[in-house]
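Structural features, examined
Residue-level listing of the chains:
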Amino acid sequence: MNTQYKRVYLSSPHMSGHEQKYIQQAFEQNWIAPLGPNVNAFEDTLAAYCGVKHAAALSSGTAALHLALIMLGLEADDEVLVSTFTFSATVNPIVYQGAKPVFIDSETDTWNMDPVLLEQALEERKASHVLHKVKAIIVVHLYGMPAKMDQIMELANRYGVPVIEDAAEALGSKYKGKPLGSFGKMSILSFNGNKIITTSGGGALLCNEEAYAIKARFLATQARDQAPHYQHSQIGYNYRMSNVLAGIGRGQMEVIDERVEKRIENFNFYKSGLAHIKALSFPELPNEQFFSNRWLSTSVIDSEQTGITYLQVQEALEQHNIETRPLWKPMHLQPIFKKYKAYLNNTSETLFATGICLPSGSNLSNDDRNRVLELIAQCFLK
Ligand SMILES: *Cc1c(COP(=O)(O)O)cnc(C)c1O
């Protein structure tokens, strides 16, 4: 490996410089706890930015999904219709509840849940009188690209199944001018270290109905009943966000628009700089109703044209200490999830076999970005 250069990461934390001020306040006020002024302020900022009435700050995006599913009444043997083309964190909380994921493949333009397959899954369940077992649809906005929310919400409403948006990768993205995270009955965000903003680890649940926000905070703090002693009539969780970490989140939210802008600029840089390589394609926005934060810049390689695969590109960049990653491996191909039902059209499998994620951090230097571009171009000009 060429260690002349320091490692270029796929997506690394990018502090604004304002985070420590809020952390300092937490120390001065001794709010070193999973509640406090930073948590409240971070929640208010998130709700306003995402165009919803309420946000509950939690320990992770996974925790937020788990609570959303519990609040929708998901129990053993129920089903959740969920995008197969995603990260495992979308699916794990379904299984925590003893329920069954039903995987829905992607459409070719957005790479997100295919409304045609979703309708098929809903219709089959209605016809066999088991639609009541379907407690939720989890739609993922992968790599920041909005799913076709008009079609998905129409189906969800027609069949009476609530939607949870997994907007973990999509903070700052919009569909028809409305922020993602504002369409579903509930939505989730993630502030893991590699996301567009980070609190080192953390997440949030978004909703318009106050009852869900109150219940989420209650469940996230061990479901303690109102009583002078410690009393519990439900199973609780320890899922609340620390007031120290929420301070990082406040500092990050001050620069969210700049972060989105820079990610989009990275994507456009790769797309225009590699336009002459016909074997590479970059996912387009289907039309002007779609606005993607371009969390990760992705590209699909036509190997039949060139004989070059994503693994070769990955290897070439790795030799220069540059991190890349294949696209997500679909959930229906994962050993742990293989046994569940899936509605497939081959789209996610093809994407997984041909796509790559490029260094996309908002702190990526121009020199590093140019180097990535040149190395990729070299792979194809040999
Ligand atoms: C990161 C991510 C999550 C999980 O978030 P955590 O905060 O890491 O638990 C869920 N879904 C998707 C699509 C993600 O990328």
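The model shown is predicted, which means the values in this text are computed figures rather than measured ones.

What UniProt calls "modified residue: N6-(pyridoxal phosphate)lysine" (unreviewed entry) maps, in this numbering, to Lys195. Tracing the backbone shows lysine 195 in the loop between β8 (186-190) and β9 (203-207). Excluding residues that lie within four positions of it along the chain, lysine 195 makes contacts with Ser11, Ala168, Glu169, Ser190, Arg263 and Trp295.

The subject of this paragraph is the state of the cysteines. Here the structure, examined in full by the defined rule, presents zero disulfides. For the unlinked cysteine cysteine 357, the closest cysteine sulfur is that of cysteine 379, found at 16 Å. Judged by relative accessible area, cysteine 357 falls into the buried class, the value being 1%. You can call cysteine 379 buried: its relative accessible area is 6%.

Around the ligand, 15 residues are found, and the nearest of them are Thr62, Asp166, Glu169, Ser190 and Lys195. Separating a nitrogen atom of the ligand from a side-chain N or O atom of aspartate 166 is a distance of 2.7 Å. For the ligand, an oxygen atom lies 2.7 Å from a polar atom in the side chain of serine 190. Here the ligand has 380 Å² of accessible area as a free molecule, and 94% of this is covered by the chains. Looking at the shell around the ligand residue by residue, the classes come out as four nonpolar, eight polar and three charged.

We now examine the side chain of asparagine 321. Checked against the element boundaries, asparagine 321 lands in the loop between α11 (310-318) and β13 (325-326). Residue classification places asparagine 321 among the buried positions, given a relative accessible area of 8%. In this structure the side chain of asparagine 321 is engaged in a polar contact, spanning 3.0 Å, whose partner is the backbone oxygen of tyrosine 5.

This next bit is on unusual backbone geometry. In this structure, tryptophan 111 takes a positive phi of about 70° despite not being glycine. By secondary structure assignment, the location of tryptophan 111 is in the loop between β3 (100-104) and α5 (115-127). Here tryptophan 111 falls in the buried class, since its relative accessible area comes to 8%. Unlike most non-glycine residues, histidine 129 shows phi in positive territory, near 60°.

The rules we used
- Residues numbered from 1 in each chain as written.
- Predicted model: local features only at pLDDT ≥ 70, side-chain atom pairs only at ≥ 80, totals over all residues.
- Heavy atoms only, no water.
- UniProt positions renumbered as here; feature names shortened; annotations may be inferred.
- Helix = DSSP H or I, 4+ residues; strand = E, 2+ residues; numbered from the N terminus.
- Contact = heavy atoms within 4.5 Å.
- Disulfide = S-S within 2.5 Å.
- Buried < 20%, exposed > 50% of the residue type's maximum accessible area, 1.4 Å probe, protein only.
- Near = heavy atom within 4 Å.
- Polar contact = N/O pair within 3.5 Å; in protein donor to acceptor, adjacent residues only side chain to side chain.
- Areas by Shrake-Rupley, 256 points an atom, 1.4 Å probe, with all protein chains shown as cover.
- Nonpolar A, V, L, I, M, F, W, Y, C, P; charged D, E, K, R; others polar.

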